[in-house]
Structures are given as structure tokens and as C-alpha cells.
Amino acid sequence: MEPPPESPRDTPSVADAAAEFLSLIGLKELEWCLFAETLAVVAVGAPPRDKAEGQWWMAAQWAPYQREGEPVQSCILVQTRFRGKRDGVPASSSLKAYVTWQLETLEQEEQERLELRPHPTEKTTHIVSHQHGMTVTKTLQEGEAEPQCHSFSYSRAKLRARLLEGASLLLLRVLARRQTMPPDLVFPAINSEGDLCTCSYSALGIQRQAVGSAETEVFVIERAVHASTGATAVWHSSFLPSGRLAQLMQIGSPVLMLLQDESILSKSGRFEPQLPFPKEPLDWEEDMELYSYFLDRKEELQLSHAAYLQQHPEVRALLSDFLQALLLQQPHDTISFAAEFFAHQRPIGTPFASTGAASPLPSSPAGHPPANSK
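Parameters at a glance
- All residue numbers here refer to positions counted from 1 along the written sequence of the relevant chain.
- For a predicted model such as this one, the threshold for reporting local features is a pLDDT of at least 70, and the threshold for listing and counting side-chain atom pairs is 80 or more; totals across whole chains, interfaces and linings nevertheless cover every residue.
- Excluded from the side-chain calculation are hydrogens and water; included are all heavy atoms of the structure.
- By the criteria applied, helices consist of DSSP H or I runs no shorter than four residues and strands consist of E runs no shorter than two, each listed in order from the N terminus.
- Axis definition: a line fitted to C-alpha atoms, limited for helices to the stretch in contact. Angles are taken between N-to-C directions and run from 0 to 180 degrees.
- Here is the rule for angles: anything less than 35 degrees is roughly parallel, anything more than 145 is roughly antiparallel, 65 through 115 is roughly perpendicular, and the remaining ranges are oblique.
- For a crossing to be left-handed, the near helix must be turned anticlockwise from the far one by less than a right angle; the clockwise case is right-handed.
- Whether two residues are in contact is decided by their heavy atoms, any of which lying within 4.5 Å being enough.
- By the convention adopted, Pro, Cys, Tyr, Trp, Phe, Met, Ile, Leu, Val and Ala count as nonpolar, Lys, Arg, Asp and Glu as charged, and the other residues, Gly among them, as polar.
- One fewer than the residue count of a helix, multiplied by 1.5 Å, yields its expected span.
- Accessible area is worked out with a 1.4 Å probe on protein chains only. A residue is then buried under 20% of its type maximum, exposed over 50%, and partly exposed in between.
- DSSP bridges decide pairing: two strands pair if at least two such bridges lie between them.
- Like-charged residues within 9 Å of one another, or nonpolar side chains (Val, Leu, Ile, Met, Phe, Trp, Tyr) within 5 Å, are grouped into patches, provided each residue has over 30% relative accessible area and no salt bridge.
- Per-residue accessibility takes into account occlusion by the displayed protein chains alone, with areas from the Shrake-Rupley method and a 1.4 Å probe.
- We count a salt bridge whenever a side-chain nitrogen from Lys or Arg sits within 4 Å of a carboxyl oxygen from Asp or Glu.
- pLDDT is defined as a per-residue confidence score from the predictor, taking values between 0 and 100.
- Only Phe, Tyr and Trp rings are paired, with Trp represented by its six-membered ring, and only when their centres lie within 6.5 Å; those with planes under 30 degrees apart are stacked, over 60 edge-to-face, the remainder tilted.
- Charge over a ring is defined by NZ of Lys or CZ of Arg lying within 6 Å of the ring centre and within 35 degrees of the ring normal.

Draft legend 1. Representation of unusual backbone geometry in the model. In this chain, R117 is followed by P118 through a cis amide linkage whose omega measures 5°. When you line up the elements, P118 lands in the loop between strand 5 (105-114) and strand 6 (121-130). A positive phi angle is found at L103, which is not glycine, with a value near 65°. One can find L103 in the loop between strand 4 (89-99) and strand 5.

Here is the structure:
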């Protein structure tokens, strides 16, 4: 299949200027942009504003990358994940991109899923570079139907200084930390559909914005993706001086992503190791698959526990002896008492107090009442 036409703004002069700008980004500058962050997804203008309806997460870190027959190379792994609703329909999306420190994309995959009932839809765009250029593979899965898949390629000549989504997210962090940029910053790009386009960046200046109950200054950047067909997609990103996002909003979208953790305001912005995936609230009782698994697992454990006790009747005798000794002596330090009690136990099969044998623990000294006796 032939690739889509280029954007009218995608000219050699744009690529030249973009390549020059990228060459001035240093490795140390990029390393300051390697961290993970999480934003809450909220409805635009819907009270209360602090009630999250989902989550957006992004992380960038060094990672090894290897293709068959090639040596391993170190690059930057950029990942994002979104969970929320779009027009009332549960939706999720993810991005995974391997990017060199010169912001060249080696491989990238974007997935988007809409939980439409009874036929959920999942769309995947996979892009991989090779010695001849770059190949785009698009897959559409609707319900149980056979997936629709088609591919096309771009020559290496068309890829000079071209940014993909993962690299663009890194560039935004660089610009945010600089808090300055040229007035007409345009890059050749490839959008989420795999089409050639251009991406422009504009500074909207310093603004005041709420973060939780606090208020702080943010640097706002407008990013616009100009495709040869269709409407221009525009995002406004509000950044803290550390390069962390305080707010992310796509113009025209019913939701926006907000930073709600005020403790981020006091952080330096240095790389802070975090879990590869953020902790998310899970209402497992509302998930029929998880709830069914819980019931099955619960019944399985109950049967297993009952069978074990039936095979080992000495367990009940052991617990009975311990409780009898505990209540008779009533020690202040129950942990030490339990440790001493079980340390003095006889081998399994030896009669305990419950069978008429003497207690394995020494009785209280003469004239010394149990610890809690009156």
C-alpha cells in the first residue's frame, strides 16, 4: 500500500531547521528528562474537579534495544498509558517507543481500545525503522471479527529529523526545562495514524495554575499536529520548571489530565526511580471476570485448607495447647511467650496437654501468680 501524501508544510527547509535544532540537544539535557509521572483524568468543568475518572501515566528511562542479528544498543524507552472514558465509553491507550538520544525513533507501537458493547474495538499502529527507511503496520480489531491489517513504508530520505510521538514527548520535556524556544519551531513528524505530517511548538508563556490546594507558576506549550487531510490536533501542556506536567489538555476533548500530588512541587526534577507501572485503584468486585476468579480461588483455598487439617489433626491439638497455656499464665509479652512455647514443643505425634500430658512450659514459680491475675 502506498504511504499517505506529505503535509504541505513538510519541505526540505523545515527538515534542515529541525535537524539543526535537534543537534543542539545534549545528552545531559535529555538525562534530566528521564523520570515517571502520573496525572489524574478529570472531566472538563465537571464538579468536583478533583474527582478522577481515570489516569494518564508517562515514563522515560534508559533501556537496551536489540533487533535480530544486530548488537544491543542503549536508547531511551518512552511509555505512556491512558485509562478513562471517551464520550462515556471506557477507553484505554498506550504507547511504547525506543528512541535514541538524538531523538530518532527505532521502533514504536501505539494501541487504542474502546470498550464498545458488544464489539470492543482495538487499533494498533506499529512503526519500525530499518536500513531502507521505516515501515508502518496498522491493525484494526473489531469484536471477534478477523483483524484488518495493512502496511506501507517510507524511504529514508523522507525521515530526516522526523519526530514520532515518543520522541515528541521527550522534546516537550526539554523545551519545558529550557522555558524558552524559537518563535516558529516546526518538525517533520508522523502522527498516530502513521501519516506524514508536521508538528509545531509554540510558547504560550508563564501562567498560574492550581495543583491540588496549592497554586504555582507553569510554562505552557502549545503543540499542533498538521496533517495533509483532516483537522489539526492541538494540545496545551503546562509544565513545572522540573519538566513535569501539571496539566495536559487536547483542545476539544471532554477530559483533561491534571497533577493532583502537591508534593511534586517540592521535588527537584532529578531522575527518581519508580515502579515501571503506577498503582491504580481497582474495583475488583465490579469486574465480573476478576470477581468470578476470586470466588473460584476462595473455594479452592477453603477445600485445600480443610483437607490439610483433616490430614494433620495434630494442628488442632497444638493450637488448643497453646491457647490453654496462654490463658492460664496470661503473660504480658505474648510474642515472647509464644516463641518460648513453640521452641519447647515436642516432635509431632507426642501427646500435648489437651491429651492429658503435662504442659511443656514450666509453671509459674511458687507464690508468683499469673501475670494478669488479680
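Draft legend 2. View of the packing of helix 5 (residues 314-329) against helix 6 (residues 334-343). Between helix 5 and helix 6, the shortest axis-to-axis distance is 11 Å and the interhelical angle comes to 135°. On the basis of their axis angle, the class for helix 5 and helix 6 is oblique. Pair helix 5 / helix 6 crosses with right-handed handedness. Listed contacts from helix 6 to L318, D321, F322, A325, L326 and Q329 of helix 5 are T334, F337, A338, F341 and F342. Considering only residue class, the contact of helix 5 with helix 6 consists of eight nonpolar, two polar and one charged.

Draft legend 3. Spotlight on helix 5. Taking 1.5 Å per residue as the helical rise, helix 5 with its 16 residues ought to reach 22 Å, and the 23 Å between its terminal C-alpha atoms agrees with that figure. Close packing links the buried residues of helix 5 with helix 6. Two residues or fewer past helix 5, Q330 is found with a positive phi of approximately 45°.

Draft legend 4. Quick look at the pairing of strand 14 (residues 255-258). Residues V255 and M257 line one face of strand 14 and the alternating positions L256 and L258 line the opposite face, and both faces are buried. Of the strand pairs in this sheet, strand 1 (residues 36-43) and strand 14 are connected by four bridges, and their pairing is antiparallel. Paired with A40 across the strands is L258, a residue of strand 14. Pairing geometry for strand 13 (residues 245-250) and strand 14, over three bridges, is antiparallel. If you follow L248 over to strand 14, its bridge partner there is M257. Linking strand 13 to strand 14, which pair antiparallel, is a turn of four residues; within it G252 sits at a positive phi near 95°.

Draft legend 5. Structural context of a nonpolar patch on the surface. There is a patch of nonpolar side chains on the surface, built from L27, W62 and W101 and spanning about 270 Å² of accessible area. Examined against the element boundaries, W62 turns out to sit in strand 2 (residues 54-65). For W62, a relative accessible area of 33% corresponds to the partly exposed category.

Draft legend 6. Structural context of the pairing of strand 8 (residues 148-155). Bridge count for strand 7 (residues 133-142) against strand 8 is eight bridges, and the pairing is antiparallel. Bridged to T139 within strand 8 is C149. What sits between the antiparallel neighbours strand 7 and strand 8 is a turn of five residues, in which G143 has the positive phi angle 60°.

Draft legend 7. How the structure looks around the environment of R173. Note on placement: R173 falls in helix 3 (residues 165-178). Since its relative accessible area comes to 1%, R173 is described here as buried. If near-sequence neighbours (up to four positions away) are discounted, R173 is found in contact with C33, F35, E37, M58, A60 and G243.

Draft legend 8. Summary view of the pattern of salt bridges. All chains considered together, the criterion is met by 11 salt bridges. The shortest N-O distance in the salt bridge between E300 and R297 comes to 2.9 Å. Of this pair, E300 and R297 both sit in helix 4 (residues 288-311), three residues apart, which is roughly one turn of that helix. Through salt bridges that share partners, R113, E115 and E122 make up one connected network.

Draft legend 9. Layout of the confidence of the model for the protein chain. For the protein chain, the mean per-residue pLDDT works out to 83, and 81% of the residues sit at or above 70. Low confidence marks residues 268-277, where pLDDT is under 50. Its contacts with residues over four positions away, or in another chain, come to 17 contacts. Confidence over residues 349-374 falls short of pLDDT 50; this stretch has 36 contacts with residues more than four positions distant or in other chains.

Draft legend 10. Representation of the packing of aromatic side chains within the structure. Inspection of every chain in the model, using the stated rule, returns nine aromatic pairs. Arranged with centres 4.8 Å apart and planes meeting at 40°, the rings of Y65 and Y98 form a pair that is tilted. In this pair, Y65 is assigned in strand 2 and Y98 in strand 4, connecting sequence segments 33 residues apart. For the pair formed by Y65 and Y98, the shared burial category is buried. Between F152 and Y154, the ring centres sit 5.7 Å apart and the planes meet at 80°, which makes this aromatic pair edge-to-face. Taking the ring centre of F35 as reference, the NZ or CZ of R244 above it sits at 4.5 Å.

Draft legend 11. Just helix 3, in detail. Across its 14 residues, helix 3 extends 20 Å between first and last C-alpha, which sits within 8% of the 20 Å expected from 1.5 Å per residue. Helix 3 sits mainly inside the fold: 11 of its 14 residues count as buried. Buried within helix 3 we find G166, A167, S168, L169, L170, L171, L172, R173, V174, L175 and A176. Just downstream of helix 3 lies Q179, where phi reads positive at about 55°.

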